[in-house]
Amino acid sequence: MSASRSLEGQVAVVTGAARGVGELLARKLSARGAKVALVGLEPEALKEVSERLHTDSDHWHADVTDHEAMARVAEEVKQRFGKVDIVVANAGVAAGGPFADSDPEAWRRVIEVNLIGGAVTARAFLPVLAESRGYFLQIASLAAITPAPMMSAYCASKSGVEAFAHCLRAEVGHKGVEVGVGYLSWTDTDMVRGADQDEVMRELRQRLPWPSNRTYPLGPAVDRIVAGIERRSPHVYAQWWLRGMQGVRGYLPGIIATVGQREMKRFEPRLTSVSRGLVGAGGAADEKERTLGTERH
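Every chain's residues receive numbers from 1 upward, in the order its sequence appears when written. Only residues with pLDDT of 70 or above have their local features reported here, since the model is predicted, and side-chain atom pairs are shown and tallied only from 80 upward, although totals for entire chains, interfaces and linings are computed over all residues. Hydrogens and water are ignored here; the side-chain numbers use all heavy atoms of the structure.

### Details of helix α1 (residues 20-31)
Each turn of an α-helix holds 3.6 residues, which means side chains three or four residues apart point in the same direction.
Link 1 in the chain: A run of H or I in DSSP becomes a helix once it reaches four residues, and a run of E becomes a strand once it reaches two; helices and strands are each numbered from the N terminus. A helix is expected to reach a length of 1.5 Å times the quantity of its residues less one. Helix length check: α1 (12 residues) gives 17 Å between terminal C-alpha atoms against 16 Å at 1.5 Å per residue, within 8%.
Link 2 in the chain: Relative accessibility decides the category of a residue: with a 1.4 Å probe and only protein chains considered, values under 20% of the type maximum give buried, values over 50% give exposed, and everything between is partly exposed. Along α1, 10 of the 12 residues are buried, which leaves the element largely enclosed by surrounding structure.
Link 3 in the chain: Residues G20, V21, G22, E23, L24, L25, A26, K28, L29 and S30 constitute the buried set of α1.
Link 4 in the chain: Whether two residues are in contact is decided by their heavy atoms: any pair within 4.5 Å suffices. The inward-facing, buried residues of α1 contact β1 (11-15), β2 (35-40), α2 (43-52), β4 (86-89) and α8 (218-231).
Link 5 in the chain: Residue G33 follows α1 closely and has a positive phi angle near 100°.

Below you can see the structure in the form of structure tokens.
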């Protein structure tokens with residue numbers, strides 16, 4: 001295990017920083033002495049987060065799927081702070097429900113934000129991370145390790161972004177850039193609370209085996225992410241038991257296929273009631289941004 005490094009004076013970029021994991025991560029990095037650049041779709045919320053931080057900070061309004069916007073952000077962050085040491089690609093959205101009946105636009109947007117957005121963020125910031133021999137942390141999920149019915153877009157995006165980060169680690173390591181993947185189970189955020197508002201999705205999750213059927217508190221999860229950043233770990237586990245899932249992940253698709261068929265048959269009469277759009281306040285912010293973008297054009 002790598003030794004921990006002090007975050008004092010380091011410059012950290014956090015995407016999806018207006019709420020949830022991103023907001024608390026920014027606060028905890030700042031409390032350890034890091035200067036923080038916040039990136040997201042909600043400028044007023046980002047400004048409020050920035051004003052509450054302990055260290056020098058600033059915020060940028062940008063869509064992580066927009067390469068030109070993110071390249072501009074990377075340039076401006078370097079101009080503002082002089083360097084970038086840490087980038088956390090945290091921005092993400094989710095949608096649930098059966099794939100066959102899903103909203104094609106919402107399904108595609110989950111892939112775009114979670115997978116393409118992570119890659120766009122990396123592309124924009126890799127030049128400055130190479131200068132500082134820095135660390136790029138891609139936030140993935142338990143959904144990267146195990147498939148789940150009713151979560152096809154989210155699982156596909158998180159599996160994809162995990163693979164992307166592993167590939168990137170091999171490509172940029174010789175330049176001194178270290179790459180990590182962060183794994184979280186169900187954590188108490190707006191996204192998870194938004195998903196739980198749907199009765200069917202909530203009941204399905206409650207029927208998962210322990211410990212994957214619990215919602216975990218945000219604070220300890222983010223503490224573990226911060227510790228992973230301090231060590232520049234290749235794998236960061238926000239809940240202790242996720243590390244053990246790596247050893248059994250090869251068996252999970254077959255198990256999930258068998259159990260999933262039974263559960264889907266049980267819930268089929270109620271599936272038409274499942275929400276088709278992006279979930280939670282972050283999903284609402286994303287949909288609002290795209291609506292405004294369409295109106296501008």
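So that's the structure; there's more coming.
### Quick word on unusual backbone geometry
It is generally the case that most residues other than glycine have a negative phi and that most peptide bonds are trans.
Link 1 in the chain: Phi is positive for R133, which is not a glycine, with a value near 50°.
Link 2 in the chain: The residue R133 is located in the loop between α4 (104-132) and β5 (135-139) in this model.
Link 3 in the chain: Residues other than glycine seldom take positive phi values, yet R232 does so here, at roughly 50°.
Link 4 in the chain: Note that R232 resides in the loop between α8 and β7 (235-237).

### Considerations on the sheet that holds β4
Link 1 in the chain: Spatial strand order, β3-β2-β1-β4-β5-β6-β7: seven strands in an open sheet with parallel pairing. The open sheet has two edge strands, β3 (57-61) and β7, and neither has a second partner. Put simply, the sheet's adjacent strands are angled 20° from each other on average, direction ignored.
Link 2 in the chain: One requirement defines pairing of two strands: DSSP has to find at least two bridges between them. Where β1 and β4 come together, three bridges link them in parallel fashion. In the sheet register, V14 faces β4, and the bridge partner there is V88. Axis definition: a line fitted to C-alpha atoms, over the contacting stretch in the case of helices. Angles run 0 to 180 degrees between N-to-C directions.

### Let's talk about a nonpolar patch on the surface
Link 1 in the chain: To count toward a patch, a residue needs a relative accessible area over 30% and no salt bridge; like charges are then connected within 9 Å, while nonpolar side chains (Val, Leu, Ile, Met, Phe, Trp, Tyr) are connected within 5 Å. Calculation of accessible area relied on Shrake-Rupley with a 1.4 Å probe; when residues are assessed, cover is drawn exclusively from the protein chains displayed. Each reported salt bridge corresponds to a side-chain nitrogen of Lys or Arg within 4 Å of a carboxyl oxygen of Asp or Glu. Together, V248, Y251, I255 and V259 give the surface a local cluster of nonpolar side chains, amounting to about 380 Å² of exposed area.
Link 2 in the chain: Looking at the secondary structure, you find V248 in the loop between α9 (242-245) and α10 (252-267).

### Some points on the nonpolar core
Link 1 in the chain: Judged by nonpolar contacts, the single largest core of 64 residues is most densely connected at V13, M70, V77, V84, F125 and F136.
Link 2 in the chain: No other element matches α4, which puts nine residues into this core.
Link 3 in the chain: V13 has contacts with A37, V39, V77, V84, I86, V87, V88 and F125, leaving out every residue within four places of it along the chain.
Link 4 in the chain: L53, V88, I225 and I229 belong to the second-largest nonpolar core, a separate cluster that totals 30 residues. Buried residues of nine kinds, namely Ala, Val, Leu, Ile, Met, Phe, Trp, Tyr and Cys, make up a nonpolar core once their side-chain atoms join them within 4.5 Å.

### Brief notes about the environment of K158
Link 1 in the chain: For K158, the position within the fold is in helix α5 (residues 152-172).
Link 2 in the chain: Through-space distance from the C-alpha of K158 to that of F267 is 25 Å; in sequence the pair is 109 residues apart.
Link 3 in the chain: Once you skip the residues sitting within four places of it in the chain, K158 turns out to touch N114, I139, A140, S141, A143 and A144.

### Re the state of the cysteines
Link 1 in the chain: Here, two cysteine sulfur atoms that lie within 2.5 Å of each other are counted as a disulfide. Per the stated rule, a full pass over the model turns up zero disulfides.
Link 2 in the chain: Between C167, a free cysteine, and C155, which holds the nearest cysteine sulfur, the sulfur-to-sulfur gap is 19 Å.

### Here's the deal with the packing of aromatic side chains
Link 1 in the chain: In this scheme Phe, Tyr and Trp rings, the latter by its six-membered ring, pair at centre separations within 6.5 Å, and the angle between planes marks the pair as stacked below 30 degrees, edge-to-face above 60, and tilted otherwise. Using the criterion set out here, one finds three aromatic pairs in the structure.
Link 2 in the chain: When the centroid spacing of 5.5 Å and the interplanar angle of 70° are considered together, the rings of F99 and W107 count as edge-to-face.
Link 3 in the chain: Aromatic side chains Y183 and Y237 sit 5.3 Å apart centroid to centroid with 15° between the ring planes, which places their arrangement in the stacked category. Placement of the pair is Y183 in strand β6 (residues 178-183) and Y237 in strand β7, with a sequence separation of 54 residues.
Link 4 in the chain: A cation sits over an aromatic face here: R80 above F81, 4.7 Å from the ring centre. Two conditions define a charge located above a ring, namely a distance within 6 Å from the ring centre to NZ of Lys or CZ of Arg, and an angle within 35 degrees of the ring normal.

### Here's the deal with the environment of I229
Link 1 in the chain: The topology assignment puts I229 in helix α8.
Link 2 in the chain: Sequence-wise, I229 and S4 are 225 residues apart; in three dimensions their C-alpha atoms are separated by 8.3 Å.
Link 3 in the chain: Not counting the four nearest positions on each side in its chain, I229 is found in contact with L7, L25, L29, I86, V88, Y135 and L137.

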